[in-house]
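Here are the chains, one letter per residue:
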Amino acid sequence: MTGVFSLDENIMKAADLLKRSTFTTAYTGAGISVESGIPPFRGEGGLWTKYDPTMLDIDHFLGNPVKGWEIIKEIFYDFFGKAKPNKAHLVLAEMEKQGLVGRIITQNIDNLHQEAGSIHVYEFHGNSKKLVCLECRMHYKASEISLDHLPPTCRQCGGLLKPDFVFFGETIPEGPLLAAYESASISDVFIIIGTTGEVVPANQIPFLAKSNGAKIIEINPAESNYTGQITDIFLKGKAGEVMEKLSKVLFTPAL
Ligand code: APR
C-alpha cells in the first residue's frame, strides 16, 4: 500500500485510515523518545553500542547489584531524568482525547506518554520512575530515593531495591501483557512508532494485530522488522516531524 507515494500522500492515506478506524492502538518504542533527548537502544548512537546489555540481565544484577546499579543510575537516572515529552507524544495524547487512539502499548520506561497527557498507557516493560523492594515488594517513587549510596535499600525491610522495569530474563507484567494481546485482537488500526521490532515477546504484538486483520501504519526514519513484512503505510521520518504533519491533517477543523 505504501508503494511509490510521497510522504505527504501517505500521510493523507494514514489520516483517512485513522479517521475511519473503530479502535486504533499506538505501539511505541524508544524511537518516539529520541527527539526528547533519550538515545535509542540500537542503531546509531544506541545505548547498547555504549553499554553491555547483559548488565540489565536480572541474574547479572542480582549477582552484582552495585555494578548493576552504577550502570542503571548512569543510563536511566542521571541522564533520562530530565527528558520532556516531544511533539509525537503530545499528538498521540491529543489523538486519544479526540477518540482517534484507544490505547498506547509502549515498550518505553520513560513515562513520557503519561507526562504528555495520555491516559490509557500500558507499559510492556514497566516504568523507570518507580523502584521496588525485592524482599517485601514495597514500591517507591525513584525521585524519593537517594542514589548517592548504591545499591539503594528498602526503608521498610532493608531489602535490595530495583527499578520497576523489566530486566532481560524477567517476565512481562500481567496487566500490560493482557492489554497488549487484547489490543492485537480488537484493533483495526495499529500505528507503530519508533521500534526495531527486535525484542521478544513485545515484538510479536504487531504481527498478531496484522493476523487479526489490523491495518499497520509505521513511523520510523529507517526500515524495521515490520516494514517489509506487515506495514501497509510506511511514514518514513522522525516521529516528531511526521506526527506534526499528521496532526495538521487529523485535527484541521472542518471548514
Ligand atoms: N523517530 C522515530 N523513530 C526513530 C527515531 C525518531 N526520531 N530515531 C530512531 N528511531 C527508530 C530507529 O530507527 C529504530 O527502529 O527507533 C528504533 C529504536 O530501536 P530500538 O533502540 O531497538 O528500540 P526498541 O525497538 O524500542 O527496543 C525494544 O529493547 O533493549 C530493549 O527493553 C528495551 O524496550 C526496549 C526494547
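Residues numbered from 1 in each chain as written. Predicted model: local features only at pLDDT ≥ 70, side-chain atom pairs only at ≥ 80, totals over all residues. Heavy atoms only, no water.

## Some points on the overall build of the protein chain
Note the following rule: Put simply, DSSP H or I for four residues or longer makes a helix, DSSP E for two residues or longer makes a strand, and each gets a number counted from the N terminus. Radius of gyration here is computed from C-alpha atoms only, and the compact-globule reference equals 2.2 Å multiplied by the residue count raised to the power 0.38. To sort residues, take the accessible area from a 1.4 Å probe on protein chains only and compare it with the maximum for the residue type: under 20% means buried, over 50% means exposed, and anything in between is partly exposed. By the convention used here, residues are in contact when the closest approach between their heavy atoms is within 4.5 Å. What sets the accessible areas is the Shrake-Rupley method with a 1.4 Å probe; for residues, cover comes only from the shown protein chains. Think of it this way: Lys and Arg go in the positive column, Asp and Glu in the negative one, and His and the chain ends go nowhere. Charge positions come from single atoms, namely NZ of Lys, CZ of Arg, CG of Asp or CD of Glu.
Of regular secondary structure, the protein chain possesses eight helices and nine strands. Relative to the 2.2 N^0.38 estimate, which gives 18 Å for 255 residues, the radius of gyration of the protein chain is 19 Å and therefore close to what a compact globule would have. Counting only C-alpha atoms, the protein chain reaches 60 × 30 × 30 Å along its principal axes. Within the protein chain, the fraction of its 255 residues that count as buried is 51%. Long-range contacts, defined here as pairs at least 24 residues apart, represent 65% of the contacts in the protein chain between residues at least 6 apart. About 11900 Å² of surface is accessible on the protein chain, with carbon and sulfur atoms providing 55% of the total. Positive and negative side-chain charges in the protein chain, numbering 24 and 30 respectively, have mean positions lying 4 Å apart.

## Brief notes about unusual backbone geometry
Leaving glycine aside, a negative phi is the common case for residues, and trans is the common case for peptide bonds. Following L150, the chain continues to P151 via a peptide bond in cis, the omega torsion being 0°. Position of P151 relative to the elements: it lies in the loop between β5 (139–141) and β6 (161–165). With an omega dihedral of -5°, the bond running from V200 to P201 counts as a cis peptide bond. Relative to the elements of secondary structure, P201 occurs in the loop between β7 (189–193) and α7 (204–211). Even without being glycine, N111 reaches a positive phi, approximately 70°. Along the chain, the position of N111 falls in the loop between β2 (103–106) and α5 (112–116). Since its relative accessible area comes to 18%, N111 is described here as buried. A positive phi angle, close to 65°, is found at R137, a residue other than glycine.

## Focus on the packing of helix α6 (residues 174–186) against α7
This is how the line gets drawn: All axes are obtained by fitting lines to C-alpha atoms, using only the stretch in contact for helices, and the reported angles, taken between N-to-C directions, cover 0 to 180 degrees. Note on angle classes: values under 35 degrees are labelled roughly parallel, values over 145 roughly antiparallel, values of 65 to 115 roughly perpendicular, and the remainder oblique. Helix crossings get a hand from a simple test, with the near helix turned counterclockwise from the far one by less than a right angle marking a left-handed crossing and a clockwise turn marking a right-handed one.
Contact geometry for α6 and α7: axes closest at 7 Å, N-to-C directions at 30°. Relative to α7, the element α6 lies roughly parallel. In terms of crossing hand, the pair formed by α6 and α7 is right-handed. Residues A180, Y181 and A184 of α6 touch α7, and the partners they reach there are I205, L208 and A209.

## Some remarks on the pattern of salt bridges
The condition that has to hold: In the sections that follow, a salt bridge refers to a side-chain nitrogen of Lys or Arg positioned within 4 Å of a carboxyl oxygen of Asp or Glu.
Here the structure, examined in full by the defined rule, presents 10 salt bridges. Among the salt bridges present, the one from R20 reaches D16, with a minimum N-O distance of 2.9 Å. Of this pair, R20 and D16 are both found in helix α1 (residues 7–20), four residues apart, which corresponds to roughly one turn of the helix. Between K87 and E244 there is a salt bridge whose closest N-O contact spans 3.9 Å. Here E244 lies in helix α8 (residues 239–250) and K87 lies in helix α4 (residues 87–97), a separation of 157 residues in the sequence. You can call K87 partly exposed: its relative accessible area is 37%.

## Comments concerning the site of the ligand
Inclusion rule: Working definition: residue near molecule or strand if any one of its non-hydrogen atoms lies within 4 Å of it. Within 3.5 Å is the distance limit for a polar contact, defined as a pair of N or O atoms, with the added protein rule that one can donate a hydrogen and the other accept it, and that residues adjacent in sequence qualify only through two side-chain atoms. Three classes are used: nonpolar for Ala, Val, Leu, Ile, Met, Phe, Trp, Tyr, Cys and Pro, charged for Asp, Glu, Lys and Arg, and polar for all others, with Gly counted as polar.
Close to the ligand lie 21 residues, the nearest being F41, R42, T195, T196 and N220. Taking T195, its side chain carries an N or O atom lying 2.6 Å from an oxygen atom of the ligand. Within the side chain of N220, a nitrogen or oxygen atom sits 2.7 Å from an oxygen atom of the ligand. Coverage of the ligand by the protein amounts to 91% of the 730 Å² it exposes when considered alone. Split by residue class, the shell around the ligand holds 10 nonpolar, eight polar and three charged.

## Points about the sheet that holds strand β3 (residues 121–123)
Short version of the rule: A pair of strands is treated as paired once DSSP finds two or more bridges between them.
Read from one edge of the open sheet, six strands run β3-β2-β1-β7-β8-β9, paired in parallel fashion. The sheet is open, and its two edges are formed by β3 and β9 (233–236), each paired on a single side. Pairs of neighbouring strands in the sheet enclose a mean axial angle of 15°, with direction left out of account. Each of β1 (24–28), β7 and β8 (215–220) touches α7; the most contacted strand, β7, lies at about 155° to it.

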